[in-house]
Amino acid sequence: MWPYRFFRRLWFFFPPYPYFYYPPPQQYGPTQPQTSQAQQPQPQYYPPSYAPLPPPPPPTPEMELRMLEDYKKALEEDLEDLKEELKSVEERIKELKSFLEKGE
């Protein structure tokens, strides 16, 4: 599970390369349909393709340190949230066990 969180934070430092989509060109011509001639199919439009980019350079040590510190802080916050969730689940288990013991 940790790689997803790591790459989610890495995304901030290295955003993806933007691929632009150009809409098909507008065709200007007669607006009334031509019934005497058969309609020719419109040609397919393909967006321009880009050559793959080389991978980004490795981060500087300062940048990597900042990124790892942010990642550590986020992990600690997640850990605190998980501890609180675990406590509430354990309390609910105790409540249910005591309820079932009283019911028997």
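The structure this text deals with has already been given above.
Residues numbered from 1 in each chain as written. Predicted model: local features only at pLDDT ≥ 70, side-chain atom pairs only at ≥ 80, totals over all residues. Heavy atoms only, no water.

Novice: Which residues make up the overall build of the protein chain, and what values do they have?
Specialist: For the protein chain, the helix and strand inventory stands at two helices and zero strands. Split into buried and exposed, the 104 residues of the protein chain put 7% on the buried side. When contacts within the protein chain are restricted to residue pairs at least 6 apart in sequence, long-range pairs at least 24 apart make up 84% of them. Of the roughly 10600 Å² that the protein chain leaves accessible, carbon and sulfur atoms contribute 61%. (Helix = DSSP H or I, 4+ residues; strand = E, 2+ residues; numbered from the N terminus. Buried < 20%, exposed > 50% of the residue type's maximum accessible area, 1.4 Å probe, protein only. Contact = heavy atoms within 4.5 Å. Areas by Shrake-Rupley, 256 points an atom, 1.4 Å probe, with all protein chains shown as cover.)

Novice: Quick one: what's the story with helix α2 (residues 61-103), residue by residue and with numbers?
Specialist: Because the α-helix completes a turn every 3.6 residues, residues three or four places apart line up on one side. Counted at 1.5 Å a residue, the expected span for α2 with its 43 residues is 63 Å, and the 62 Å between its end C-alpha atoms agrees. Taken residue by residue, α2 has M67, Y71, A74 and D78 as its buried positions. (Expected span 1.5 Å × (residues − 1).)

Novice: Give a description of a negative patch on the surface that names residues and reports values.
Specialist: On the surface, a cluster of negative charge is made up of E76, E77, E80, D81, E84 and E85. Assignment of secondary structure puts E80 in helix α2. (Patch = residues over 30% accessible without salt bridge, like charges linked within 9 Å, V, L, I, M, F, W, Y side chains within 5 Å. Salt bridge = Lys/Arg side-chain N within 4 Å of Asp/Glu carboxyl O. Lys, Arg positive; Asp, Glu negative; His and termini not counted. Charge placed at Lys NZ, Arg CZ, Asp CG, Glu CD.)

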